[in-house]
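# Fold and contact review
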Amino acid sequence: AHATFQKNTRTQVYSGRRSHYLTEVPTLFDSCMQILCDNIDALEELGGVPYDIIKPVLDKCTPEQLCYLEEQNPYLMEDTDSLWQLHCTRDFRTAQRDTESFEAWRELYLRKHEEREERLKSITAKVSAAWAGKPQGRTTKLAYLDGPVKPPRDVRRKQEKLGTAGPHSQHKPVSSLSRKQPVVKKIRPAVSTSTHSSSMASSSGPDIGTGTGASGSSGTGGGSGGRQAKAKPAPMMQKAMKLMKGKYLAPFRCPFRR
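Residues numbered from 1 in each chain as written. Predicted model: local features only at pLDDT ≥ 70, side-chain atom pairs only at ≥ 80, totals over all residues. Heavy atoms only, no water.

Right, let's get into the overall build of the protein chain. A count of helical and extended segments in the protein chain gives ten helices and zero strands. Ordered by position in the sequence, the α and β elements of the protein chain form the string α-α-α-α-α-α-α-α-α-α. Residue burial in the protein chain is summarised as follows: out of 258 residues, 14% are buried. When contacts within the protein chain are restricted to residue pairs at least 6 apart in sequence, those whose partners lie at least 24 apart make up 42%. (Helix = DSSP H or I, 4+ residues; strand = E, 2+ residues; numbered from the N terminus. Buried < 20%, exposed > 50% of the residue type's maximum accessible area, 1.4 Å probe, protein only. Contact = heavy atoms within 4.5 Å.)

A separate point is the pattern of salt bridges. Taken as a whole and judged by the stated rule, the model has seven salt bridges. Of the charged contacts in the structure, one is a salt bridge between arginine 111 and glutamate 115, with a shortest N-O distance of 3.6 Å. Pair noted here: arginine 111 and glutamate 115 are both in helix H5 (residues 105–132), with a separation of four residues, about one helical turn. A relative accessible area of 32% places glutamate 115 in the partly exposed class. Put simply, glutamate 160 and arginine 156 hold a salt bridge, and the shortest N to O gap is 3.4 Å. (Salt bridge = Lys/Arg side-chain N within 4 Å of Asp/Glu carboxyl O.)

To continue, consider the packing of helix H1 (residues 28–38) against helix H2 (residues 51–58). Packed helices, taken two at a time, are described by the angle their axes make and the gap between the axes. Their axes nearest at 9 Å, the elements H1 and H2 cross at an angle of 50 degrees. Put simply, H1 runs oblique to H2. Crossing handedness for the pair H1 and H2: right-handed. Between H1, through Phe29, Met33, Leu36 and Cys37, and H2, the contact on the second element is made entirely by Ile53, Ile54, Pro56 and Val57. In the contact of H1 with H2, the residues fall into eight nonpolar, no polar and no charged. (Axes fitted to C-alpha atoms, helices over the stretch in contact; angles between N-to-C directions. Parallel < 35°, antiparallel > 145°, perpendicular 65-115°, else oblique. Left-handed = near helix turned anticlockwise from the far one by under 90°. Nonpolar A, V, L, I, M, F, W, Y, C, P; charged D, E, K, R; others polar.)

Let us look at the packing of aromatic side chains. Ring pairs (aromatic) are described by centroid distance and by the angle formed between their planes. All chains considered together, the criterion is met by two aromatic pairs. With centroids separated by 5.4 Å and ring planes inclined at 45 degrees, the aromatic side chains of tryptophan 84 and tyrosine 109 adopt a geometry described as tilted. With tryptophan 84 in helix H4 (residues 81–91) and tyrosine 109 in helix H5, the pair connects residues that are 25 residues apart, well separated along the chain. When the ring of phenylalanine 92 is compared with that of tyrosine 109, the centres are 5.4 Å apart and the planes differ by 65 degrees; the resulting orientation is edge-to-face. With a gap of 17 residues between them, phenylalanine 92 in the loop between H4 and H5 and tyrosine 109 in helix H5 connect regions that are remote in the sequence. You'll find phenylalanine 92 and tyrosine 109 in the same group, each marked buried. A connected cluster of aromatic rings, assembled from ring pairs, spans Trp84, Phe92 and Tyr109. (Phe/Tyr/Trp six-rings, centres within 6.5 Å; stacked < 30°, edge-to-face > 60°.)

For the protein chain, per-residue confidence averages 75 on the pLDDT scale, and residues scoring 70 or more make up 64% of the total. The model gives residues 204–225 a pLDDT under 50, and that stretch makes one contact with residues more than four places away or in other chains. (pLDDT = per-residue confidence, 0-100.)

Residues Leu83, Trp84, His87 and Cys88 constitute the buried set of H4. End-on, the buried residues of H4 take up no more than an arc of 140 degrees, which puts them together on one face. For H4, the exposed residues lying more than 90 degrees away from the buried face are Leu86 and Arg90. (Arc of directions from axis to C-beta.)

Turning our eyes to something else, we now look at the state of the cysteines. By definition, a disulfide links the sulfur atoms of two cysteines through a covalent bond. This structure, assessed with the given rule, holds zero disulfides. Note on cysteine 37: no disulfide assigned, nearest cysteine sulfur contributed by cysteine 61 at a separation of 7.8 Å. The exposure class of cysteine 37 is buried, given its relative accessible area of 15%. (Disulfide = S-S within 2.5 Å.)

Side chains of Ile123, Val127 and Trp131 sit close together on the surface and give an oily, nonpolar patch of about 350 Å² of accessible area. Looking at the element boundaries, tryptophan 131 is found in helix H5. Tryptophan 131 gets classed as exposed once you look at its relative accessible area, which sits at 61%. (Patch = residues over 30% accessible without salt bridge, like charges linked within 9 Å, V, L, I, M, F, W, Y side chains within 5 Å. Areas by Shrake-Rupley, 256 points an atom, 1.4 Å probe, with all protein chains shown as cover.)

We now examine the packing of helix H3 (residues 63–72) against H4. Taken N-terminus to C-terminus, the directions of H3 and H4 make an angle of 155 degrees; their axes are 11 Å apart at the nearest point. As the angle between them shows, H3 and H4 are arranged roughly antiparallel. In the crossing of H3 with H4, the sense of the turn from one axis to the other is left-handed. For the pair H3 and H4, the contacting residues are Pro63, Leu66, Cys67 and Glu70 in the first and Leu83, Trp84, His87, Arg90 and Asp91 in the second. When its residues are assigned to classes, the contact of H3 with H4 shows five nonpolar, one polar and three charged.

Structure (structure tokens):
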């Protein structure tokens, strides 16, 4: 018979066992062992607790934690040889004990651990010596050596607005110290030719002496005959004059302000 399935049923997916509830109330011993296993780093002196009672905690210790507990409780070394054998077979699979000297599993693990540390130090020294002889490539340099890093422009404006700006403005970058400060030139207003000629005539009058009358009559004659055309202002000046007269209805707004 073929199995019939309903249309509205969903396929069940296994997502592990449910561990949000307890199937039974744990005993006081199990609760204490669980708390000790969760806080192995806080253990020091065990107070002479027998090995058979504290063994569930020692089974979950790392080699460093087990060695520390043995140093604090020397009586545990008599029974922890089986635990060191598990650590040796896991970390050093090809290690073998010296049967002539009756080497223990704890001594074997410590000896292999020291040999591994020595090899690591020698390899590190060789790599560092090899890289020391090579020329350095691109290096990172600090732009601000005498103070904190300068914040971005928008952050700086918000800090000044809110009053939370620090002493960033007192420190200048190293790159700016080597550059020359730009020289600001003042723009002089344009002088018309008529005023220039009149100033030249007035300045040259006392030096000429008797020729002042002729030069004055010629200057007045030329001025009465026709006035010279005024100089045309610069484009920026024309724009400023139009702005002052109210030609632009839209108000002026700085494009850098937000």
